[in-house]
Amino acid sequence: MSPHAWILCALLWLLTGDRSQSASRGPVPSRKRRLAEDGEPKKCSYTFLVPEQRITGPICASQGPSLPDKERVTQTNVADVHEILTKQRLEMDRLRLIVDVDGNMVNEMKLLRKESRNMNSRVTQLYMQLLHEIIRKRDNSLELAALEARVLNGTAEVLRVSGLYRELELRFSTVAALVNNQSLLIAALEERCLQVYGNHPREPPPPPLLQVVPENIPVYVPRLSNEIQRSPGVPAPEDRPTRQANASLEGPFRDCVQVMQAGHTASGAYLLTPEGSETPVQAWCEHDVDRGGWTLIQRRSDGSVNFFRNWDSYKKGFGNVDGEHWLGLENIYNLGKQEDYKLLVELEDWMGKKVYAAYSSFHLEPESQAYRLRLGSYQGNAGDSLTSNNGKPFTTLDHDHDAFSGNCAHFHKAGWWFSACGQTNLNGVWYSGGVYRSRFQDGIFWADYGGGFYSMKSVRMMIRPVD
């Protein structure tokens, strides 16, 4: 307790004790009466010893002379003390309320600190995630930049190759024009020589040269060559691959579709006996193209077989079935009259690119009609160079059925379904290297792919029944 509280308690105790003594002594006379009774005034003093600490013993009050009025404890002083105590009590209540409020605030502060620590942890985690994402995006941007650099390099390379391709096209066009000019010049010189020095009868003029210069010219470094196809007795060079024939003694079969239906799914040579044929013929069945069942009627690959032959050879067929060969007009006629067949022509240039020309129907007329060609609609990526020969009879050196004044077989050095003389000749001379130099367009050419002075590296003609 405060010193004021101790003082107040002591005063109350003293007042209570004084009243009890007065009651025990009886009525207290007045001061005048006491003075009259005693005879002389006596001075009485009270001494209060109020320690600052807690009172543990009695309080001694000694009588003595009276204190001055200003030192006496009056009722006003007690009221002031009471007022002070009341104010202190109110202050203590206010402080207690403040302490309670401060305690709640302290608890709230503790909760806020805890939440702040949690938020700091969460912010740290988010910061680490953001840093990881920034690093990942930076790596992705580096990869994207590297990819863009590669794309730019590839684009530059494509542009460079495209420029080289255009340059090669220009060179090829120049070479083709030069070859045409030289061919025309040679023809004019020969004609002049015959007029000046020769007394021989004039030969019919050669067929006009093809002026077709297709857009899809096979780009190959032109190597002009006069290498003509070899005779049948000359072996093929060692650097050219040989084809192993998968010959079968079973059969004979109606066609290669029946061969495949019999379980023979490997490409190779099989015996066929078409309807109306008296003797079986050995033919190559191709099962690795478009679901198989194709019968090869012609193949060119290395120039090992001479295709400049007479009518009888083209009628019966010639060559090796596992290499260059012609199946024979009569055999092709017998195959085609069995049912509806379609034709596939496969061409390969000297860059190894293969293109094709497919015709929805194919058959030949009998020999009395000179095995006239009948074709359906075209489909493919080689260009349609054979439709111009549709409906034309077959022509050889000794059987001229073409519409030209001379013999197209003589100028093109092959038997074919010539018109006058047409946009293609797949039985011509096999020239090595593609672009060839000759007075006539007598190579293995397909006008819509390569032009008249580009000889194909390999050719296959095959037929199968229409689905």
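Residues numbered from 1 in each chain as written. Predicted model: local features only at pLDDT ≥ 70, side-chain atom pairs only at ≥ 80, totals over all residues. Heavy atoms only, no water.

Where do I start with the overall build of the protein in this structure?
Check the secondary structure of the protein and you find 7 helices and 12 strands. Across the 467 residues of the protein, 36% fall into the buried class. Residue pairs in contact within the protein that sit at least 24 positions apart in sequence constitute 58% of those at least 6 positions apart. Entry remark: accessible area of the protein is about 28,600 Å², with carbon and sulfur atoms responsible for 56%. (Helix = DSSP H or I, 4+ residues; strand = E, 2+ residues; numbered from the N terminus. Buried < 20%, exposed > 50% of the residue type's maximum accessible area, 1.4 Å probe, protein only. Contact = heavy atoms within 4.5 Å. Areas by Shrake-Rupley, 256 points an atom, 1.4 Å probe, with all protein chains shown as cover.)

Help me understand unusual backbone geometry in this model?
Glycine aside, the phi torsion of most residues is negative, and most peptide linkages are trans. With omega at 5 degrees, the peptide bond leading from Ala420 into Cys421 counts as cis. If you trace the backbone, Cys421 turns up in the loop between helix H7 (408-412) and strand E10 (424-425). Phi at Tyr371 takes a positive value of approximately 50 degrees, unusual for a residue other than glycine. Here Tyr371 lies in the loop between strand E7 (354-364) and strand E8 (373-375). Residue class for Tyr371 comes out buried when judged on its relative accessible area of 0%.

It is not clear to me how the side chain of Gln338 should be interpreted in this structure. Could you clarify?
Among the structural elements, Gln338 can be located in the loop between helix H6 (329-336) and strand E6 (341-348). A polar contact of 3.1 Å, which involves the side chain of Gln338, links it to the side chain of Tyr341. Among all residues touching Gln338, those that are not within four sequence positions of it are Arg254, Asp255, Pro274 and Glu275. (Polar contact = N/O pair within 3.5 Å; in protein donor to acceptor, adjacent residues only side chain to side chain.)

What should I look at first to understand the state of the cysteines in this one?
Tallied over the full model, the rule gives 2 disulfides. Each disulfide pairs two cysteine sulfurs, and for Cys256 the partner residue is Cys285, the sulfurs being separated by 1.9 Å. Taking the sign of the torsion about the S-S bond as the criterion, the disulfide between Cys256 and Cys285, at about -80 degrees, is left-handed. Linking Cys256 in helix H4 (residues 256-261) with Cys285 in strand E2 (residues 281-286), this pair joins segments that are 29 residues apart in sequence. Of the residues examined, Cys285 reaches a relative accessible area of 0% and is grouped as buried. (Disulfide = S-S within 2.5 Å.)

Would you take a moment to explain the pattern of salt bridges for this structure?
Two side chains that carry opposite charge are able to pair once their charged atoms sit near each other. Across all of its chains, the model carries 19 salt bridges by this definition. Note that Glu324 is salt-bridged to Arg300, the shortest N-O span being 3.7 Å. Highlighted residues: Glu324 in the loop between strand E4 (318-319) and strand E5 (325-326) and Arg300 in strand E3 (residues 294-300), separated in sequence by 24 residues. Just as Glu324 is buried, Arg300 falls in that class too. (Salt bridge = Lys/Arg side-chain N within 4 Å of Asp/Glu carboxyl O.)

Help me understand the packing of aromatic side chains, please; the structure alone is not making it clear to me.
Under the defined criterion, the tally for this structure stands at 16 aromatic pairs. Ring centres of Tyr314 and Phe318 lie 5.2 Å apart, and the angle between their planes is 90 degrees; on these two criteria the pair is classed as edge-to-face. Like Tyr314, the residue Phe318 is buried in the burial classification. Grouping aromatic residues by their ring pairs yields a cluster made of Phe307, Trp311, Tyr314, Phe318, Trp326, Tyr371, Phe394, Trp416 and Trp417. Geometry around Phe307 places Arg300 over its ring, the cationic atom sitting 3.9 Å from the centre. Over the aromatic face of Trp294 sits the side chain of Arg464, whose NZ or CZ is 5.7 Å from the ring centroid. (Phe/Tyr/Trp six-rings, centres within 6.5 Å; stacked < 30°, edge-to-face > 60°. Lys NZ or Arg CZ within 6 Å of the ring centre and 35° of its normal.)

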